[in-house]
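# Tertiary structure, described
So the chains spell out like this:
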Amino acid sequence: MHNTEQKFHTKNNVCVFDVNRIRNDFPILCCNVNDKPLVYLDNAASAQKPSVVIEAMNYALRHEYSNVHRGIHYLSNAATQRFEDTRETCRVFLNARHSDEIIFTKNATEAINLVALTWGMNNLQQDDEIILSIMEHHANIVPWHFLRERKGAIIKWALVDDDGTFDLDQFEKLITPRTKVVSLTHMSNVLGTVIPIKEVIRIAHQHNIMVFVDAAQSAVHMSVDVRDLDADFLCFSGHKVYGPSGIGVLYGKREFLNNLPPFLGGGAMIENVTTDNVTYGPPPSRFEAGTPAIVEAVGLTAALNYMIKSDRQAIATHENSLTLYAQEQLKAFNWLRIHGTTRNKGGIVSFTVDGLHPHDISMVIDRSGVAIRAGHLCTQPLMQHYGITAMCRASFGMYNTFRDIDIFVEALEKAYNLFK
Ligand code: PLP
């Protein structure tokens, strides 16, 4: 075992976190890429799937597949039951009060669009203000730009310090009587910064402002409790929490959801349709038009249960140690700049290298089996804020090891020497 691994994983010779046991749960980690063992450091884009997820989806397809909420035959009832079980699992995962506060969407992006285009279109007027942070993913920017374009709303930007720390004072100063929405990422997909979201919500609610929390990055790294946070809306994506792609979750407080108009129209979301009228079903069905992601919901239950049953505190400690270790290693290179070193951050290390394009770096280290992300990371306003166009990003999951980081750092140094 790698020295650092050994030091971290054992305390008084007792194993406190067995990363190898976790790795055994993820079949893809045994793969070779470019004839080298895979080092997967692109978890912020999408995480790999444990066998329990793959097998649960396989079983559903082989034995329990049918459409949901429609038929009254055995398979339809079984599939509907599994689908509604997922809603309950999501309620538990987020500690929501009611399972009808959980809406299934395609992904986090669709969840944000849903709220912007229903609540936002209904509640925003010309010159009303929306506060976003400069480090938002485009998924939490473009839907609000729609409201700027269509309703004349104004977007204001909460900033971060040089090291990526969220500036709470500056945020508070942005609030005016015209502020109607605060929509913020809980954890930045570039800087790793974790926003003091509970405090943000408390301040916003003092001014009767609706708060949307984008938990696409945070949901996998920390426990997200919507009741403790008092979030009005919150979303995450299945594929980033070790579940399948094609399914996302929107949480909304019952009192908000009850007053929202539908988002998409079609089957399953109506109460009654005539030739000249339509009435809509209650939440959550009002927001789930058409056939949903049936098998993906089964996979999501398996993924969330996998996380609920694991020691999330130990995983967070492990990911935090990996992040600090990676930062330490990279700081040794005077040709490299890390973006986002704030103390309260999740398992992400983004950086740029003098004179090298991030795409070139990513392509070259891929030859060593190392997968990282490179580009604008769907955060062009943040890139503009830093005066650059692209970055490299290594992001960690529960199955990554200190050895993964050593291989990555070695490959990076080689890439730099190759180009220099
Ligand atoms: N929000 C954040 C912070 C993200 O990192 C991402 C994806 O990377 C999204 C939203 C969008 O997630 P999805 O593409 O699953 O909708």
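Further up the page is the structure itself.
The structure reproduced in this document is the subject of the present report. All values reported here derive from a predicted model rather than from experimental measurement.

Parameters and conventions
- Residues numbered from 1 in each chain as written.
- Predicted model: local features only at pLDDT ≥ 70, side-chain atom pairs only at ≥ 80, totals over all residues.
- Heavy atoms only, no water.
- Near = heavy atom within 4 Å.
- Polar contact = N/O pair within 3.5 Å; in protein donor to acceptor, adjacent residues only side chain to side chain.
- Areas by Shrake-Rupley, 256 points an atom, 1.4 Å probe, with all protein chains shown as cover.
- Nonpolar A, V, L, I, M, F, W, Y, C, P; charged D, E, K, R; others polar.
- Salt bridge = Lys/Arg side-chain N within 4 Å of Asp/Glu carboxyl O.
- Helix = DSSP H or I, 4+ residues; strand = E, 2+ residues; numbered from the N terminus.
- Buried < 20%, exposed > 50% of the residue type's maximum accessible area, 1.4 Å probe, protein only.
- Pairing = 2+ DSSP bridges.
- Axes fitted to C-alpha atoms, helices over the stretch in contact; angles between N-to-C directions.
- Contact = heavy atoms within 4.5 Å.
- Expected span 1.5 Å × (residues − 1).

### A closer look at the site of the ligand
- Taken together, 13 residues lie near the ligand, and Thr109, Asp214, Ser237, His239 and Lys240 sit nearest.
- At 2.5 Å from an oxygen atom of the ligand is found a side-chain nitrogen or oxygen belonging to serine 237.
- Alone, the ligand offers 390 Å² of accessible surface; in the complex the protein occludes 89% of this.
- Residues belonging to the shell around the ligand are distributed by class as follows: three nonpolar, eight polar and two charged.

### Digging into the pattern of salt bridges
- Per the counting criterion, the structure on display carries 17 salt bridges.
- Among the salt bridges present, the one from arginine 178 reaches aspartate 128, with a minimum N-O distance of 2.7 Å. Here aspartate 128 lies in the loop between helix H5 (108-123) and strand S7 (129-133) and arginine 178 lies in the loop between helix H7 (168-174) and strand S9 (179-185), a separation of 50 residues in the sequence.
- Judged by its relative accessible area of 36%, arginine 178 is partly exposed.
- Here arginine 202 ties to glutamate 199 by a salt bridge, and the two come within 2.9 Å at their closest N and O atoms. Within this pair, arginine 202 and its partner glutamate 199 are both found in helix H8 (residues 197-206), separated by three residues, close to a single helical turn.
- Look at the salt bridges and you will find they share partners, linking Glu64, Arg82 and Asp85 into a network.

### Concerning the sheet that holds strand S8 (residues 154-158)
- Taken together, seven strands build an open sheet; the order of strands is S6-S12-S11-S10-S9-S7-S8 and the sheet is mixed. If you trace the sheet from one side to the other, it starts and ends with strand S6 (102-105) and S8, each paired once. On average, adjacent strands in this sheet sit at an angle of 20 degrees to one another, irrespective of strand direction.
- Where strand S11 (residues 233-237) lies against strand S12 (residues 248-252), five bridges are found, and the strand directions are antiparallel. In the strand pairing of S12, cysteine 235 is matched with leucine 250.
- Along the sheet, helix H4 (residues 74-94) contacts S6, S11 and S12; its crossing angle with S6, the most-contacted strand, is approximately 115 degrees.

### A look at H5
- If you check H5, its first and last C-alpha atoms are 21 Å apart, about what 16 residues at 1.5 Å a residue would give, namely 22 Å.
- Within H5, burial applies to Ala108, Glu110, Ala111, Ile112, Asn113, Leu114, Val115, Ala116, Thr118, Trp119 and Gly120.
- For H5, the capping residue at the N-terminal end is asparagine 107, with a side-chain oxygen 3.2 Å from the backbone nitrogen of threonine 109.

### Overview of unusual backbone geometry
- Put simply, proline 283 and proline 284 share a cis peptide bond, and its omega is 5 degrees.
- Residue position: proline 284 is located in the loop between strand S14 (278-280) and helix H12 (294-309).
- For asparagine 34, which is not a glycine, the phi torsion comes out positive at approximately 50 degrees.
- Relative to the helices and strands, asparagine 34 is located in the loop between strand S3 (32-33) and strand S4 (36-37).

### What to know about the side chain of aspartate 404
- Structurally, aspartate 404 is set in helix H16 (residues 402-419).
- On the basis of relative accessible area, aspartate 404 is assigned to the buried category, the value being 5%.
- If we ignore the near neighbours within four places in the chain, the residues touching aspartate 404 are Arg23, Val39, Leu41 and Tyr399.

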